[in-house]
Amino acid sequence: MSADGKVADYIPELSLMSAELFSLSCQGIDSPLIETGDSGQFFTMQSISKILALSFAIENFGRDNVFRHVGMEASADSFNSLMRIEMTSSKPSNPFMNAGAIAVCSLIYKAYKDGSACRLIAFMKSITGRENGFDERVFASEKRSADRNRALAFFMKSMGLLHGNVEAILDLYFTLCSLRCTSGDLAKIGAMIASGGISIHSGEKILTKETVFTVLGLMSACGLYNESGEFAVRVGLPGKSGVSGGILVSVPGRMGIGVFSPALNAKGNSVAGIKALELLSEKLNLRGLGE
Ligand code: GLN
């Protein structure tokens with residue numbers, strides 16, 4: 001499937017992906033994984049990993065502690081915006097913007113130091129049943145071209161909104177962005193959330209109801225950055241996107257969906273991915289409103 005839009009190139013390594021790639025995977029909460037397209041293609045999770053970091057942090061530190069450092073509100077600003085922090089001198093709007101995710105990473109790093117990335121990789125494995133590691137080339141490319149994220153993090157530190165070793169916190173953030181996955185992995189994470197926090201792979205309870213409700217609520221409110229409103233209108237389901245072209249969707253009580261296509265629109269979301277989800281939502285009546 002080809003699409004309008006453009007493959008992200010502000011992280012040079014991401015620009016090497018073909019715009020023609022497309023895959024779609026659906027994992028029912030009690031039915032097998034169904035996939036089509038380039039479903040064997042690995043890509044990096046990018047901002048979709050912000051779901052993992054947030055879930056892990058709430059489970060380990062408690063919701064109130066996490067949201068002392070980051071807000072729960074949607075934002076009209078782009079994912080890497082600095083503006084609101086500067087204007088209001090207050091904590092980042094939500095954990096799905098870069099600033100908010102970096103704040104979540106700082107809590108994880110404070111608790112687990114250099115063991116943080118391993119714990120998050122193990123956390124993902126407990127959900128999907130496999131370990132794909134992280135893409136070292138994308139990691140290095142992100143680290144080299146991270147002027148914006150570095151600026152955000154040091155700015156937050158200067159305002160007293162971030163504590164600890166900024167470079168180490170950013171390394172954890174870049175590792176999360178570089179986690180390798182397929183659309184099938186995204187579907188499995190979406191299905192775990194859709195099932196109320198139970199791993200489809202092992203049957204293990206991964207998240208409490210409180211974490212699930214928090215993650216689903218924030219996916220609905222701000223999972224696609226400043227395109228979240230339009231996504232809610234067109235697709236009508238909680239989702240989370242990343243600049244490599246992946247989108248994870250969770251249909252509560254029914255299934256998880258992973259879609260991947262690297263050409264992005266101006267807001268950093270997959271053009272073909274959104275279109276496919278719009279068609280699927282309509283076709284399978286995923287909003288649950290009947291004909
Ligand atoms: N690694 C990307 C960044 O920090 C993640 C952003 C995204 O996926 N929207 O810029």
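Conventions and cut-offs
- Residues numbered from 1 in each chain as written.
- Predicted model: local features only at pLDDT ≥ 70, side-chain atom pairs only at ≥ 80, totals over all residues.
- Heavy atoms only, no water.
- Pairing = 2+ DSSP bridges.
- Helix = DSSP H or I, 4+ residues; strand = E, 2+ residues; numbered from the N terminus.
- Axes fitted to C-alpha atoms, helices over the stretch in contact; angles between N-to-C directions.
- Contact = heavy atoms within 4.5 Å.
- Parallel < 35°, antiparallel > 145°, perpendicular 65-115°, else oblique.
- Left-handed = near helix turned anticlockwise from the far one by under 90°.
- Expected span 1.5 Å × (residues − 1).
- Buried < 20%, exposed > 50% of the residue type's maximum accessible area, 1.4 Å probe, protein only.
- Salt bridge = Lys/Arg side-chain N within 4 Å of Asp/Glu carboxyl O.
- Near = heavy atom within 4 Å.
- Polar contact = N/O pair within 3.5 Å; in protein donor to acceptor, adjacent residues only side chain to side chain.
- Nonpolar A, V, L, I, M, F, W, Y, C, P; charged D, E, K, R; others polar.

In the nomenclature of an unreviewed UniProt entry, the chain is known as Glutaminase of Cloacibacillus porcorum.

Enquirer: Describe the sheet that holds strand 6 (residues 239-241), and please don't skip the residues or the numbers.
Expert: Read across the open sheet, the five strands follow the order 3-2-8-7-6; overall the sheet is antiparallel. At either margin of the open sheet sits one strand with a lone partner, and together these are strand 3 (33-37) and strand 6. Shown here is a sheet whose adjacent strand axes are inclined to one another by a mean of 10 degrees, direction ignored. Two elements, strand 2 (residues 23-28) and strand 8 (residues 255-260), share six bridges in a ladder whose sense is antiparallel. In the strand pairing of strand 8, Leu24 is matched with Val259. Sheet contacts for helix 9 (residues 183-194): strand 2, strand 3, strand 7 (246-251) and strand 8; angle to strand 8, the most-contacted strand, approximately 150 degrees. With respect to the sheet, helix 12 (residues 271-283) is in contact with strand 2, strand 7 and strand 8, its orientation differing from that of strand 8 by roughly 145 degrees.

Enquirer: Let's hear about the packing of helix 5 (residues 116-128) against helix 8 (residues 166-177): which residues, and what values?
Expert: Running from N to C, helix 5 and helix 8 point in directions that differ by 25 degrees, and their axes come no closer than 10 Å. Classified by the interaxial angle, the pair formed by helix 5 and helix 8 is roughly parallel. In the crossing of helix 5 with helix 8, the sense of the turn from one axis to the other is right-handed. Between helix 5 and helix 8, the contacting residues are Ser116, Ala117 and Leu120 on the first element and Leu172, Thr175 and Leu176 on the second.

Enquirer: Now, about helix 10 (residues 209-222): what can you tell me, with residues and values included?
Expert: Under the 1.5 Å per step criterion, the end-to-end length of helix 10 is 20 Å for 14 residues, consistent within 8% with the ideal 20 Å. Those residues of helix 10 that sit buried are Thr211, Val212, Thr214, Val215, Leu216, Leu218, Met219 and Cys222. Looking at the buried side of helix 10, the elements it contacts are helix 1 (49-61), helix 2 (63-66), helix 9, helix 11 (228-234), strand 6 and strand 7.

Enquirer: Please provide a residue-by-residue account of the pattern of salt bridges, values included.
Expert: By the definition in use, this model includes nine salt bridges. Note that Arg137 is salt-bridged to Glu13, the shortest N-O span being 3.2 Å. With a gap of 124 residues between them, Arg137 in helix 6 (residues 136-144) and Glu13 in the loop between strand 1 (6-7) and strand 2 connect regions that are remote in the sequence. The exposure class of Glu13 is buried, given its relative accessible area of 18%. For the salt bridge of Arg150 with Glu167, the shortest nitrogen-to-oxygen distance reads 3.0 Å.

Enquirer: Hey, could you go over the site of the ligand for me, with residue numbers and the actual values?
Expert: Close to the ligand lie 13 residues, the nearest being Tyr10, Gln46, Ser47, Tyr173 and Tyr225. Here Ser47 contributes a side-chain N or O atom positioned 2.8 Å from an oxygen atom of the ligand. Between the ligand and the protein, one listed contact pairs an oxygen atom with a side-chain N or O atom of Asn98 at 3.1 Å. Of the residues belonging to the shell around the ligand, the class tally is seven nonpolar, five polar and one charged.

Enquirer: Describe in detail the pairing of strand 2, supporting the description with residues and values.
Expert: Sheet faces and side chains relate simply in a regular strand, where the side chains alternate between the two faces. Counted residue by residue, strand 2 has six buried out of six residues, so it is predominantly covered. Of the two faces of strand 2, the one carrying Ser23, Ser25 and Gln27 and the one carrying Leu24, Cys26 and Gly28 are both buried. Connecting the antiparallel pair strand 2 and strand 3 is a turn made up of four residues.

Enquirer: Can you tell me about the pairing of strand 8, naming the residues and giving the values?
Expert: Of all six residues that make up strand 8, six are buried, and the element is covered over most of its length. The side-chain alternation of strand 8 yields two buried faces, one formed by Met255, Ile257 and Val259 and the other by Gly256, Gly258 and Phe260. Counting the residues between successive antiparallel strands, the hairpin from strand 7 to strand 8 contains three residues, one of them, Gly253, with a positive phi of roughly 80 degrees.

Enquirer: Could you give an account of the environment of Ser116, with specific residues and numbers?
Expert: The residue Ser116 is located in helix 5 in this model. Considered as a pair, Ser116 and Leu172 are 56 residues apart in the sequence and their alpha carbons are 7.3 Å apart. Setting aside residues up to four positions removed in sequence, Ser116 forms contacts with Ile108, Tyr109 and Leu172.

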